[in-house]
Amino acid sequence: MWSILKREVKNYVRSPLFWAGIAVGVLMVYQNVSPYLNIRYLAEGETIRNDYPQTVHYGDVYEGYVPTEKGLRREIWEEGIREALLSEFGMDKAGAQSVIEEMQEMDILEACRHLEEHGFYRPYYGYYEAGYRKGTREEINAYIAEKLENRTFSYYFSRKFADFAGLFMGFFATVFLSVLFLQDTRRNTYELLHTKPVSAGKYLSGKVGGGFAVCLILLAVLNLVFYGLCLMSAQKSGFAVRLTDFLWATCLYILPNMLMIVSVYSLISLLFKSPLPAVPLLLLYIVYSNMGSRNENGIYGYYGRPLSIMVRFPGPFFDTAAPLTLRNQVFLILAAVCLIFLSIQIWKRRRVY
């Protein structure tokens, strides 16, 4: 097992394409997470200027946005409803005001259902679009301080890192691990391997372990690079940074996905005696994992899918939430183990004694 694992790792590490892949990964992840390295407290008299609207459904603190307070958000939503009643439904001001007053005792969801029953199309959308507003220097600093009161800066940054690093690793593993079983599934080699005194468990453990170790090496490099960048940025701002946040995010949000990809390659390679059919299958798997859906309010977004091999963290830096994370990752590991077990059984059935 260990000799097979070491051989696979050496083969990958000696390839210039592997190191080129690392360089591409660092560049890709940096392009996506670099704006978050600019988050800091604003100095006296400093403001963040942009040409974006006053309120948006998604605005980050480095752009000058803070969450809209519940009361103000309701006022903005009601004003939008009032304008729609006047312009689209042809009501007069008194009629529109009576509709608004009728909903005063309702919460936002009840009010939206009430409007829908009277022919108003997707009334929740206006409330959704007012989720964030431009903040003053004091509001931005207070928002940052509130979010960092019980969490470290690296806790939030590691989630964004896991988002984009996980996306890159999904494509990296799909492309680079396609050759993991390629040599062994060639006709003469495949038949010869089945005559050797190596058990199916040791062979598959070595191959899967080798592919997984290659992913570990790349992730270790990415973790060190972005931990260093985060540390340098946070030192200037006085934020707390912990390496364990990066390690935890990697272990929980990325490694199970890599194990699943390697397991799919092992099963497909032995089932079809070639790893190549797994490439389009895994690409479709990645597309499935990144597909969005609509929630109960009709808002389109990423809410996670069962057995997804991608864990995304859409939303502002301080307000990310991991959908289906722990449960999905546990089931993903169990599914990967089952695929490896099936691969072992296929290998045993084709063994020549």
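What comes next concerns the included structure. On a predicted model such as this, the values are computed, not experimentally measured, just so you know. (Residues numbered from 1 in each chain as written. Predicted model: local features only at pLDDT ≥ 70, side-chain atom pairs only at ≥ 80, totals over all residues. Heavy atoms only, no water.)

Digging into the overall build of the chain
Cut-off, in case you're wondering: Strands here are runs of E lasting at least two residues and helices are runs of H or I lasting at least four, both read from the DSSP assignment and numbered beginning at the N terminus. As a reference, a globule follows 2.2 Å times the number of residues to the power 0.38, and the radius of gyration itself is taken over C-alpha atoms. Buried, partly exposed and exposed residues are distinguished by accessible area as a fraction of the type maximum, computed with a 1.4 Å probe on protein chains only: under 20%, between the cut-offs, and over 50%, respectively. Only heavy atoms enter the contact rule, under which two residues are in contact if any of them lie within 4.5 Å.
Within the chain, the secondary structure is distributed over 14 helices and 5 strands. Against the 2.2 N^0.38 benchmark of 20 Å for 353 residues, the chain shows a C-alpha radius of gyration of 26 Å, more extended than a compact globule. When the backbone C-alpha atoms are referred to their principal axes, the chain occupies close to 90 × 50 × 30 Å. Counting the 353 residues in the chain, one finds 48% classified as buried. For the chain, contacts bridging at least 24 residues in sequence account for 75% of all contacts bridging at least 6.

Describing the side chain of D163
What counts here: Any N or O atom pair separated by 3.5 Å or less is treated as a polar contact, with the protein-specific requirement of one donor-capable and one acceptor-capable atom, and with residues adjacent in sequence counted only for side-chain atom pairs.
Along the chain, D163 falls in helix α8 (residues 153-176). Side-chain polar atoms of D163 contact the side chain of R312, separated by 2.4 Å. Contact partners of D163, with chain neighbours within four places excluded, come to V311, R312, F313 and P314.

Points about the packing of α8 against helix α12 (residues 255-272)
The condition is simple: Helix axes are fitted only over the stretch in contact, all axes being lines through C-alpha atoms; the angle between N-to-C directions runs from 0 to 180 degrees. Should an angle fall under 35 degrees it is called roughly parallel, over 145 degrees roughly antiparallel, and 65 to 115 degrees roughly perpendicular, with every other angle called oblique. In this scheme the handedness of a crossing depends on how the near helix is turned from the far one: anticlockwise by less than a right angle means left-handed, clockwise means right-handed. The residue classification treats Ala, Val, Leu, Ile, Met, Phe, Trp, Tyr, Cys and Pro as nonpolar and Asp, Glu, Lys and Arg as charged. All others, Gly included, are polar.
With their axes 10 Å apart at the nearest point, α8 and α12 run at an angle of 20° to one another. Between α8 and α12, the interaxial angle falls into the category roughly parallel. As for how α8 packs across α12, the hand of that crossing is right-handed. On α12, the residues that touch M169, G170, A173 and T174 of α8 are M258, I261 and Y265. Residue composition of the contact of α8 with α12, grouped by class: 5 nonpolar, 2 polar and no charged.

Brief notes about the packing of aromatic side chains
For clarity, the cut-off: In summary, the pairing rule links any two rings of Phe, Tyr or Trp, Trp by its six-membered ring, whose centres are within 6.5 Å, and it sorts them by plane angle into stacked for under 30 degrees, edge-to-face for over 60 and tilted for everything else. Distance and angle both matter: a charge sits over a ring if NZ of Lys or CZ of Arg is within 6 Å of the ring centre and within 35 degrees of the ring normal.
Here the structure, examined in full by the defined rule, presents 23 aromatic pairs. Centre to centre, the rings of F153 and F157 are 6.2 Å apart; their planes meet at 25°, and the pair counts as stacked. You can see F153 and its partner F157 sitting in helix α8, 4 residues apart, about one turn around the helix. For F157, a relative accessible area of 0% translates into the label buried. Here the basic side chain of R73 rests over the ring of Y127, its NZ or CZ set 4.2 Å away from the ring centre.

Things to note about the pattern of salt bridges
Selection rule: Counted as salt bridges are all cases of a side-chain nitrogen of Lys or Arg within 4 Å of a carboxyl oxygen of Asp or Glu.
According to the stated counting rule, one finds 10 salt bridges in the structure shown. Among the ionic pairs, E44 bridges to R137, the shortest N-O distance being 3.6 Å. Of this pair, E44 sits in the loop between α2 (16-33) and β1 (55-56) while R137 is found in helix α7 (residues 137-147), placing the two residues 93 residues apart along the sequence. A relative accessible area of 69% places E44 in the exposed class. When the shortest N-O distance is used, the salt bridge between R82 and E79 registers 2.7 Å. Residue R82 and its partner E79 are located together in helix α3 (residues 70-87), separated by 3 residues, close to a single helical turn. E79 gets classed as partly exposed once you look at its relative accessible area, which sits at 36%.

Notes on the packing of α12 against helix α13 (residues 278-290)
Orientation of α12 relative to α13, taken along the N-to-C sense of each, is 145°, at an axis distance of 10 Å. Crossing angle aside, the handedness with which α12 passes α13 is right-handed. Residues M260, I261, V264, Y265 and I268 of α12 lie in contact with α13, whose contacting residues are A278, V279, L281, L282 and Y285. Residue composition of the contact of α12 with α13, by class: 10 nonpolar, no polar and no charged.

Scope: geometric values only; no functional claims are made or implied.
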